[in-house]
Amino acid sequence: MSDPFLSSEDFADRAHQFYNEGRYDEAVALLREALDLYPFSAELYVGLAYTHMARDEFMWARRSFEHAVGLDPDHEDALVGHGEALLRFGETTRALHCFEQVLALGFGDDHDLMLQIGRALFREGVLEAARRFFEVAAQAHCDSPEVNACLGYTAHRLGEEDAAIRHLRRSLDLDEDHAEARIYLANLFYDRGEFESALYHLERTNPEDHIDELAVWRLIELKKSIYRLPARDPELTPWAGRLVEIAANADPIDQLLGEIEATQPNGTVRDPLQLELFSALLMELAGMRRRAHEPHRVTTSSGSNYSGTWEEIVFQMLVDDPRWVGVSLSGYMAHVARRSAAETGVVIPATDAEAFVHGSAEAGLLEIVR
């Protein structure tokens, strides 16, 4: 039992410390104990709701936010959290109403709240509304690197590439160490075929800045082609090491979900166009990947030739291999990656088609012609 003479604020502070340390179960237990003593504390309900959100318990989070708003209708954190929870259940109109209430209460100049709202809307694909809240934040905090970066990400998702580049450059002018914005900008330049600009920005990042293998593969590819570096050049060693780390840390649940999404109810794999669409949607959510304008070509070690997008190439390889009948695209990549690691010791990323093809080339399974 905790000290019964603690105030509700003391309980909230202790729970917040547990939250920051990732000790969510302890935070929930403490907050429930506190609510037995202080059942009318909106602050405690808000803390409990956000802890449920951290554990992906969105229904419980929603209920706790509703309790908090019921106790204090003008509690800005409760309103924002309630809106986030409603978005998770597809209730966009009600969520927007919560966010508008926050503006009406005069919190438009609150940098963190506006970013929180904008990001929540961005994650759920409510892009125009997300941009509006990022713009509200920019009015009060025009020199915020994060606000400018978020405006860039949103502009890109809305198809406004030039505006995206302008905002991302502004973000980097304000904070040259904003790695996420720099990687995003580098990928935009790469997709536009501006490879020197892409490499300029990628070279100003560190391997540990990357949580996705795509930009790392692109940096290695650009260094090898522009600087004529051999595959085993020491300059590439830390980047190759980062690829291994990313592959080792890949969430098996995410891979499993990818397999489920790519498989139809009858157990067969969706047709290439459906798989390509699904892959494209995933890449757009990641914010960094666009379909290349020119088809790629590869030649396998057995002499087979394939061309198309990276996803199309991998799908053609899957279709041509009778051992993988009925296996999804992500499942095929995962099987090949495991086999390669066991037989050659070379780790092939299995979470992205482009990275998978480049990894297969490094493992000697194929050659990238274009």
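Bear in mind that the values here come from a model prediction, so they are computed numbers and not experimental data.

Visitor: What is the right way to look at the confidence of the model for the protein in this model?
Guide: Detailed conclusions should not be drawn from predicted coordinates in areas where pLDDT is low. Across the protein, the average pLDDT comes to 85, with 86% of residues at or above 70. Within the model, the stretch residues 257-266 combines pLDDT values under 50 with 18 contacts to residues more than four positions away or in other chains. This model gives residues 268-293 a pLDDT under 50, and the stretch forms 52 contacts once residues within four places in sequence are excluded.

Visitor: Before we go on, may I ask you to explain the pattern of salt bridges in this structure?
Guide: Scanning the entire structure with this criterion turns up 22 salt bridges. We note a salt bridge from Arg55 to Asp25, for which the minimum N-O separation is 2.4 Å. In this pair, Arg55 sits in the loop between helix H3 (42-54) and helix H4 (58-71) while Asp25 sits in helix H2 (residues 24-37), placing the two residues 30 residues apart along the sequence. The partner of Asp143 in a salt bridge is Arg170, with the nearest N and O atoms 2.8 Å apart.

Visitor: Can you help me understand the sheet that holds strand E1 (residues 296-300) in this one?
Guide: Strand pairing in a sheet relies on backbone hydrogen bonds. The paired strands run either parallel or antiparallel. Pairing within the open sheet is antiparallel, and its 3 strands lie in the order E2-E1-E3. Single-partner strands in this sheet number two, and they are strand E2 (305-308) and strand E3 (366-368). If you compare each strand with its neighbour and ignore which way they point, the axes differ by 20 degrees on average. In the packing of helix H17 (residues 310-320) onto the sheet, the strands contacted are E1, E2 and E3, and the crossing angle to E2 comes to about 145 degrees.

Parameters at a glance
Residues numbered from 1 in each chain as written. Predicted model: local features only at pLDDT ≥ 70, side-chain atom pairs only at ≥ 80, totals over all residues. Heavy atoms only, no water. pLDDT = per-residue confidence, 0-100. Contact = heavy atoms within 4.5 Å. Salt bridge = Lys/Arg side-chain N within 4 Å of Asp/Glu carboxyl O. Helix = DSSP H or I, 4+ residues; strand = E, 2+ residues; numbered from the N terminus. Pairing = 2+ DSSP bridges. Axes fitted to C-alpha atoms, helices over the stretch in contact; angles between N-to-C directions.

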